[in-house]
Each structure stands twice: as C-alpha cells, then as structure tokens.
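Breakdown of the fold
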Amino acid sequence: MDPAGGASAYGASLAGGGFDFRKFVRQPQTILRLLSWLFALVVFASITNEGYVNSPLSAEAKCIFNQNDSACQYAVGIGVIAFLACLAFLVLDVYLPFMSNAQERKYAVIADLGFSGLWTFLWFVCFCLLTNQWINTTDISAIPVDAAHATIAFAFFSIVTFGILTFLAVVRVRSGIHQDALPTYTEPPADLHTPYPPTYAPTSYNPTTYTPTAYAIYPSPVPDMQQPPASSIPAEDSGYQPPAY
C-alpha cells in the first residue's frame, strides 16, 4: 500500500498521478539506495587510490590486503557494479509510478529483489575476504591503515543496506496489486427510453377500419344554384316530329 494511504500497485502509486519529489526522497527505499551508492563509492575509491603500495623489496605495487591482488580486484569490481546499479534503480524508482502495466511493474520489482539479494551475499563475501586478508597482513608500516579500515567498514555497511533493500523488495512483491484500489465494473442501468426491450418479439398486426362520422347540414343563406337532374325537368313540346322512313 502507498505510504500516504492511497491506492498502489507493487509499492508505487497508480499511474496517472504527478511526481512528488519530497515524498520520493523521504522514502526508506530511496535513502537506502543513496547510502548504498555512497558506500560502494567509498569502497572502490579507497582501493583505487590507496589500495596498492610498493613493498621495500619490490617496485611492483601490491594490494594492501596481504598483497592479494584478487581481494582488491574483487572489492573494486562489486563496488563499481553496485555504484552503477544504485543509480539505475533510482531512475527505475522514479519511473515506476508512471508504469500503467502491472506486469512491467512486477518485473521491475523482481529485478530489484534479485539484484539486492545477490549483492547482499557478494558484499558479505567481500567483507569476509578483506577482513581475513587484513588479519593475515604482517607488515603494515607502509600501508595506509585508514584506507584499509574504511574499505572493510563500508563493505559491512553495504551488507546492511542491501539486506534491507532486499527485505523491502520482498514486501513489494508480496503486496502486489490491491484489488480495493482498482475500479470495478458494474452493469449500466437499463435505458428506459428504448422503444422495445432487446428480447421483444413482434405480434401479429390487426388492421382497423375507418368509419366516417356523419355531420348535420348547416343551413346557408346563399340560395342553392345547383340545377335539378335532367330526369326531373319536364319535357316541352317543341312541335318537332321526326321524319318517318
């Protein structure tokens, strides 16, 4: 669930909202990534700058951790990768709230979980290796002790920060999508303005007959000018006799 109490999916707010920078920098996940980035920088920078010294008997520079170059190379390698990965996952944390696809969010969180868990283990190996090699280092007269102590200390701090990041990633994966936060679909109300329901079956049509209405004749003051029919006019004797053949 979102720390502010809003809807969330895989530990991030749903897509569509704006980016809150203050809220982002105050998240425990962001603070731990910045610390992990800083610790990785201290580890590989300390070894790169002061991790190799010349012995009195040789002109070749050797690792300060019992002259074991593999220990220094291992610490620098995982330190540089952790440094770059923390920047990449910070960018991914910024972009995650804008992902509308829940499957893409899931893949991003699983990638965070896998990397954080793996680097927790690798930092643990680095801490144990550097500690063991430092204990077995006999001649420390020409060795910058502070650089060696800082490398070991910040390797241990990286175990803690990446371990907490792994735990937070597990919580985000298990949280998944809150179903209460998603809009639910409901059937639309029936349209009362439709002429017929969808399952209307037309019935047989019964025609009706029209019966005209009889109206009474209203007397008119104008005299009737209509002539009577020819059968009612009396025949006049014109004296004409047809010829007989």
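Computed from a predicted structure; not experimentally measured. (Residues numbered from 1 in each chain as written. Predicted model: local features only at pLDDT ≥ 70, side-chain atom pairs only at ≥ 80, totals over all residues. Heavy atoms only, no water.)

Let's talk about a nonpolar patch on the surface
Nonpolar side chains collect at one region of the surface, where Leu-118, Phe-121, Phe-124 and Val-125 lie side by side and expose about 370 Å² of accessible area between them. One can find Phe-124 in helix H4 (residues 102-135). Residue class for Phe-124 comes out partly exposed when judged on its relative accessible area of 44%. (Patch = residues over 30% accessible without salt bridge, like charges linked within 9 Å, V, L, I, M, F, W, Y side chains within 5 Å. Areas by Shrake-Rupley, 256 points an atom, 1.4 Å probe, with all protein chains shown as cover. Salt bridge = Lys/Arg side-chain N within 4 Å of Asp/Glu carboxyl O. Helix = DSSP H or I, 4+ residues; strand = E, 2+ residues; numbered from the N terminus. Buried < 20%, exposed > 50% of the residue type's maximum accessible area, 1.4 Å probe, protein only.)

Side note on unusual backbone geometry
Phi angles above zero are rare outside glycine, and Asn-66 is one such case at about 60°. Within the element layout of this structure, Asn-66 appears in the loop between strand S4 (61-63) and helix H3 (69-95). Of note in this structure, Gln-67 is not a glycine but carries a positive phi near 55°. Checked against the element boundaries, Gln-67 lands in the loop between S4 and H3.

Points about the confidence of the model for the protein chain
Chain-level pLDDT for the protein chain is 78 on average; 64% of the residues reach the 70-or-more range. Here residues 1-5 is a poorly scored stretch, pLDDT under 50, and it has 8 contacts once near neighbours within four places are set aside; other chains count. (pLDDT = per-residue confidence, 0-100. Contact = heavy atoms within 4.5 Å.)

Thoughts on the nonpolar core
Of all hydrophobic cores here, the largest spans 31 residues; its most connected members are Phe-65, Trp-119, Trp-123, Cys-126, Leu-130 and Phe-162. For this core, the leading source of residues is H3, giving 9 residues. Not counting residues within four places of it along the chain, the set of residues in contact with Leu-130 comprises Phe-65, Ala-71, Ala-75, Thr-151 and Ile-152. (Core = buried A, V, L, I, M, F, W, Y, C linked by side-chain atoms within 4.5 Å.)

Digging into the pattern of salt bridges
In total, this model carries 3 salt bridges according to the counting rule given. Linking Arg-33 and Asp-93 is a salt bridge whose minimum nitrogen-to-oxygen distance equals 2.6 Å. You can see Arg-33 sitting in helix H2 (residues 28-50) and its partner Asp-93 sitting in helix H3, a full 60 residues away along the chain. Comparing Arg-33 with Asp-93, the two get one shared label, buried. Among the ionic pairs, Asp-112 bridges to Arg-172, the shortest N-O distance being 3.2 Å. Here the residue Asp-112 occupies a position in helix H4, and Arg-172 occupies one in helix H5 (residues 145-175), the gap between them amounting to 60 residues. In this structure Asp-112 comes out as buried when scored by relative accessible area, which is 3%.

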